[in-house]
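Tertiary structure, described
Each chain is listed here by its residues.
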Amino acid sequence: MKVCIIGCGAIGSLFAAHLGRLDDVEVWAYDPDQAHVNAINQNGLRLTGLSDIVVRIKASNDASAIPPCEFGIIAVKTMHTRAAMQATAAIFRDGAVCSVQNGIGNEEIIAEYVPRVILGTTFPAGHITAPGVVNHDTGGKTKMSPFPPKPASMEEVRLLADTLIRGGADIEAMEDARGALWTKVIFNSASNAMGALTRLPHGVACDQPGVRRVMRELVAEGKAVAQALGITLDSDPDALIDYGREKAYQHPPSMLSDVLNKRPTEVDALNGGIAAFGRQTGVPTPLNAAITDIIKGLEYSWREAEWRNLKP
Amino acid sequence: MREIKRICVAGAGTIGSLFAGHLATVAESTVLVRRREHADDLNASGLKVSGKSQIQSRIIASTNPADLGDVGLVIIATKATAVEASAQALQGHFPNAIVMTVQNGLGCEDVVARYGDWPVLSAVTFMSGRRHSDTHVEYELDTATWLGPWAGSSATFAQAQAVESLLRRGGLKAQAFPDLLPAQWSKLIFNAVINTVAALSDLPHVKAFALENDPTDLGHLVRAAMAEGKRVAAACGVELYEDPWEMNLEATSHGQTGNEDYAHAPSMLEDVRARRATEVDWITGAIVRAAAQAGVPAPINETLYRLVKAREASWKLKHPT
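Keep in mind it's a predicted model, so treat the numbers as computed, not measured.

What about the overall build of chain A?
- What chain A contains, in helices and strands, is 13 helices and 12 strands.
- What you see for chain A is a C-alpha radius of gyration of 19 Å, in line with the 20 Å of a compact globule of 312 residues.
- Dimensions along the principal axes, computed over C-alpha positions, put chain A at roughly 55 × 45 × 40 Å.
- Burial status across chain A gives 53% buried among its 312 residues.
- Look at the contacts in chain A between residues 6 or more apart in sequence, and 71% of them connect residues 24 or more apart.

Right, here's the structure in full:
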């Protein structure tokens with residue numbers, strides 16, 4: 001079996017490493033970072049932290065160098081989904097691509113480029129410490145299911161899941177994983193956005209007067225949209241926020257790190273995704289729309305040349 | 001009524017300096033400041049106004065109102081956060097003065113009234129400038145100051161007109177209204193949104209605030225939040241003088257300065273950048289309180305308000321980020 005990881009950053013590397021342990025799987029990694037690609041090809045892909053392992057996989061930043069694959073696992077940040085799929089579509093002309101990204105709306109984009117799509121949502125975390133080296137920070141389950149209207153077959157989803165499980169990953173193949181995906185998105189729409197806008201770690205932000213209430217209101221909008229879409233959440237995002245406050249009080253959500261480093265955020269796929277599906281289903285999402293606009297405004301503020309020169 | 005021959009500006013920040021510098025050309029201009037050195041510098045060098053006006057004015061400054069003589073008009077030009085302290089300092093002084101507040105938002109008049117029974121004029125000002133030093137202010141936007149008698153005091157429209165006339169003779173744009181609430185609310189709704197969105201997005205008031213092409217363009221947020229404010233005003237029985245959205249369009253069309261590159265940095269943005277307490281309690285907070293009282297939902301204004309409050313709180317916390 002051939003599998004190509006699209007975007008071999010922290011999350012992509014965790015999947016690549018699991019698969020790389022299997023003799024019957026040929027693992028490719030497509031990643032734009034030349035130094036990372038070179039390091040992987042020369043020294044293998046190394047995980048530290050929770051996992052301590054080096055696997056031999058093949059990496060390239062040139063999609064045409066990668067052979068056709070049965071499966072793709074896309075792990076790029078959401079704003080790069082389209083560009084990544086444009087570049088790699090030919091690899092999966094007969095294959096299925098599974099998203100393990102944040103947010104909603106990725107699968108819809110992937111479906112424009114490949115015949116079969118697997119919806120996925122993942123909870124482990126890691127971070128790149130050097131080219132070719134990723135620290136595995138936390139473990140967690142990945143849930144996946146066929147994505148209509150361009151679904152991979154259930155057999156295909158199970159095959160990918162079983163393969164990853166043989167490689168040591170915690171995977172659940174399901175008929176419908178949208179509940180898990182939306183639970184995480186709704187949680188993130190509150191935790192990430194409030195962290196980014198208050199510049200505070202998750203738990204500290206929760207404890208500011210008024211902030212927890214905004215989080216609750218964002219969650220309520222997200223739940224209403226999920227309900228209108230016929231999605232049953234697999235847990236209460238509000239309870240996850242409280243749980244996160246207990247367990248990860250000083251954890252800076254990724255969008256906070258993005259804002260502090262003036263990097264584009266994933267807000268389009270989080271609050272923006274909820275607002276977009278709200279518009280589609282006629283469910284009002286004024287706060288998710290407002291938060292999206294503010295974060296997009298913040299990103300815009302970093303491009304001073306652009307707003308300085310905007311003509312009437 | 002008596003002609004106003006001597007005035008006192010309490011607080012010589014940008015706006016206070018613009019009032020003091022201009023009015024010095026038509027009255028004895030005194031200034032009440034907090035810092036001793038500030039008073040000394042003003043007494044020694046006077047106050048220079050550059051930009052839209054060119055004035056070198058003589059100023060009498062002190063940290064003690066007792067040094068400033070009998071004035072006919074006091075303009076409280078501190079930030080809303082400092083009005084309480086200013087009013088306290090004025091208590092027992094200037095028995096013959098009209099007191100005018102020019103703060104953003106609502107509620108400063110009530111604070112002043114707790115410290116004396118002066119006739120109180122409400123004012124909102126649209127002029128802006130840049131403070132180069134304690135003794136030099138640049139006049140950037142020569143837009144109007146609107147004023148009117150505050151209903152909670154004995155002030156009359158005639159007194160508002162007298163101040164209007166004084167400001168105009170001093171080279172400033174001014175307009176007196178029998179009832180300022182419609183104008184005050186127009187600006188309140190405008191500021192409640194523009195200031196918070198600027199503060200949270202780190203953007204000056206650029207054209208993007210009026211754009212509505214993409215779903216994520218800021219204009220959608222600005223329009224929706226202003227619509228909430230308009231519903232609150234209506235529920236409070238206030239008929240607006242100007243549509244805040246039109247004010248937004250006007251302010252982002254480069255008409256005001258003729259300078260293509262100009263984008264005004266609202267004071268709340270400057271406060272957040274400098275990690276200073278903002279006026280959000282008087283501005284967006286006033287909308288939120290009025291909405292709660294009137295039973296009108298204003299979720300976006302509430303959220304903007306809470307986010308700015310949380311941002312202020314974050315500066316006092318120790319955390320790894």
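Quick word on the overall build of chain B
- A tally of helices and strands in chain B yields 11 helices and 12 strands.
- For chain B, the C-alpha radius of gyration of 19 Å lies close to 20 Å, the compact-globule estimate for 321 residues.
- C-alpha atoms of chain B, sized along the principal axes, occupy 55 × 45 × 40 Å.
- In chain B, buried positions account for 53% of the 321 residues.
- Taking all contacts inside chain B whose residues are at least 6 apart in sequence as the whole, residues at least 24 apart take part in 69%.

Quick look at the nonpolar core
- Core analysis: the biggest nonpolar cluster contains 207 residues, and I5(A), I118(A), A193(A), V74(B), I75(B) and V197(B) have the highest contact counts within it.
- Dropping the residues within four chain positions of it, I75(B) is found in contact with I7(B), V9(B), A10(B), F19(B), M100(B) and V102(B).

Observations concerning the interface of chain A and chain B
- In this assembly, 34 residues from chain A lie in contact with 30 residues from chain B.
- Contributions of two or more residues to the side of chain A that touches chain B are made by α6 (178–198), α7 (202–206), α8 (211–228), α10 (254–260), α12 (286–301) and α13 (304–308) of chain A.
- When residues in the side of chain A that touches chain B are grouped by element, the largest group, 12 residues, is from α12(A).
- Here the residues of the side of chain A that touches chain B sort into 21 nonpolar, 8 polar and 5 charged.

Overview of unusual backbone geometry
- Residue P149(A) is reached from P148(A) by a cis peptide bond, and omega for that bond is 10°.
- When you line up the elements, P149(A) lands in the loop between β11 (142–146) and α5 (154–166).
- Here the phi dihedral of K262(A) falls at roughly 55°; this positive angle occurs in a residue that is not glycine.
- Turning to its location among the elements, K262(A) is positioned in the loop between α10 and α11 (271–281).
- Unlike most non-glycine residues, D202(B) shows phi in positive territory, near 60°.
- Within the secondary structure layout, D202(B) lies in the loop between α6 (181–201) and α7 (218–235).

Quick look at the packing of α8(A) against α12(A)
All names here are of chain A.
- Contact pair α8 / α12: the axes reach a minimum separation of 8 Å and the direction vectors enclose 115°. Classified by the angle their axes make, α8 and α12 are roughly perpendicular. Across the interface between the two elements, E217, L218 and E221 from α8 touch L287, N288 and I291 from α12.
- Among the residues making up the contact of α8 with α12, the classes are represented as 3 nonpolar, 1 polar and 2 charged.

Some points on the confidence of the model for chain B
- Looking at chain B, the pLDDT average stands at 93 and 96% of residues meet or exceed 70.
- Model confidence for the complex: the whole-complex pTM is 0.87, and ipTM, which rates the interface, is 0.85.

Structural notes on the pairing of strand β2 (residues 28–32) of chain B
All names here are of chain B.
- Within β2, 4 of the 5 residues are buried, leaving the element largely enclosed by the surrounding structure.
- Relative to β2, strand β1 (residues 6–10) runs parallel, the two being bridged by 5 bridges. The residue bridging V9 from the neighbouring strand is V31, located in β2.
- In this view, the connection linking β1 to its parallel neighbour β2 by way of helix α1 (residues 14–23) has right-handed handedness.

With respect to the pairing of strand β9 (residues 128–133) of chain B
Residues and elements named next belong to chain B.
- Relative to strand β10 (residues 136–141), β9 runs antiparallel, the two being bridged by 5 bridges. Within β10, the position partnered with S133 by the bridge is H136.
- Linkage of β9 to β10, two consecutive antiparallel strands, is achieved through a turn of 2 residues.

Some details on the sheet that holds strand β8 (residues 120–125) of chain B
Residue and element names in this part refer to chain B.
- The strand order β5-β2-β1-β6-β7-β8-β11-β12 describes an open sheet built from 8 strands, whose pairing is mixed. Among the strands making up the open sheet, the edge pair consists of β5 (60–62) and β12 (174–176). Across the sheet, the mean angle from the axis of one strand to that of its neighbour is 20°, orientation sign disregarded.
- Note that strand β7 (residues 98–101) and β8 share 3 bridges and pair parallel.

Overview of the environment of P204(B)
Residues and elements named next belong to chain B.
- Among the secondary structure elements, P204 is positioned in the loop between α6 and α7.
- With 90 residues separating them in the primary sequence, P204 and A294 have C-alpha atoms 32 Å apart.
- What P204 contacts, discounting residues up to four positions off in sequence, is A198, A263, H264, A265 and L269.

Remarks on the sheet that holds β9(B)
Residues and elements named next belong to chain B.
- An order of β4-β3-β10-β9 is seen for the 4 strands of this open sheet, with the pairing classed as mixed. This sheet does not close on itself; its edge strands, each paired only once, are β4 (55–57) and β9. Averaged over all neighbouring strand pairs, the angle between strand axes comes to 20°, with direction disregarded.
- Note that strand β3 (residues 47–51) and β10 share 4 bridges and pair parallel. Residue S50 lies in a different strand from β10, and its bridge partner there is E138.
- Here α1 sits on the sheet and contacts β3, β4, β9 and β10; the angle it forms with β3, its principal contact strand, is near 100°.

Concerning the packing of α8(A) against α11(A)
Residue and element names in this part refer to chain A.
- The contact between α8 and α11 brings their axes to 9 Å, and the two run at 50°. When the interaxial angle is binned, α8 and α11 end up oblique. Crossing of α8 over α11 shows left-handed handedness. Within the contact between the two elements, α8 uses E221, G222, V225 and A228 and α11 uses I274, F277, G278 and T281.
- Residue composition of the contact of α8 with α11, by class: 4 nonpolar, 3 polar and 1 charged.

Topic: α6(A)
Residues and elements named next belong to chain A.
- Compared with the 30 Å implied by 1.5 Å per residue over 21 residues, the 29 Å span of α6 between its first and last C-alpha is a close match.
- The largest bend in α6 amounts to roughly 30° and is located at N188.
- After α6 finishes, the residue R199 shows a positive phi value of roughly 65°.

Some remarks on the environment of R131(B)
Residues and elements named next belong to chain B.
- The residue R131 is located in strand β9 in this model.
- Considered as a pair, R131 and L307 are 176 residues apart in the sequence and their alpha carbons are 28 Å apart.
- Excluding its chain neighbours within four sequence positions, the residues that come into contact with R131 are G13, T14, S17 and V137.

The rules behind the values
- Residues numbered from 1 in each chain as written.
- Chains lettered and ligands numbered in written order.
- Predicted model: local features only at pLDDT ≥ 70, side-chain atom pairs only at ≥ 80, totals over all residues.
- Helix = DSSP H or I, 4+ residues; strand = E, 2+ residues; numbered from the N terminus.
- Rg over C-alpha atoms; globule rule 2.2 N^0.38 Å.
- Buried ≥ 20, exposed ≤ 12 C-beta atoms within 10 Å, placed from the backbone.
- Contact = placed C-beta atoms within 7 Å.
- Core = buried A, V, L, I, M, F, W, Y, C linked by C-beta atoms within 7 Å.
- Nonpolar A, V, L, I, M, F, W, Y, C, P; charged D, E, K, R; others polar.
- Axes fitted to C-alpha atoms, helices over the stretch in contact; angles between N-to-C directions.
- Parallel < 35°, antiparallel > 145°, perpendicular 65-115°, else oblique.
- pLDDT = per-residue confidence, 0-100.
- Pairing = 2+ DSSP bridges.
- Right-handed = clockwise from strand over helix to strand, strands pointing away.
- Left-handed = near helix turned anticlockwise from the far one by under 90°.
- Expected span 1.5 Å × (residues − 1).
- Bend = angle between axes of the 7 residues up to and from the residue.

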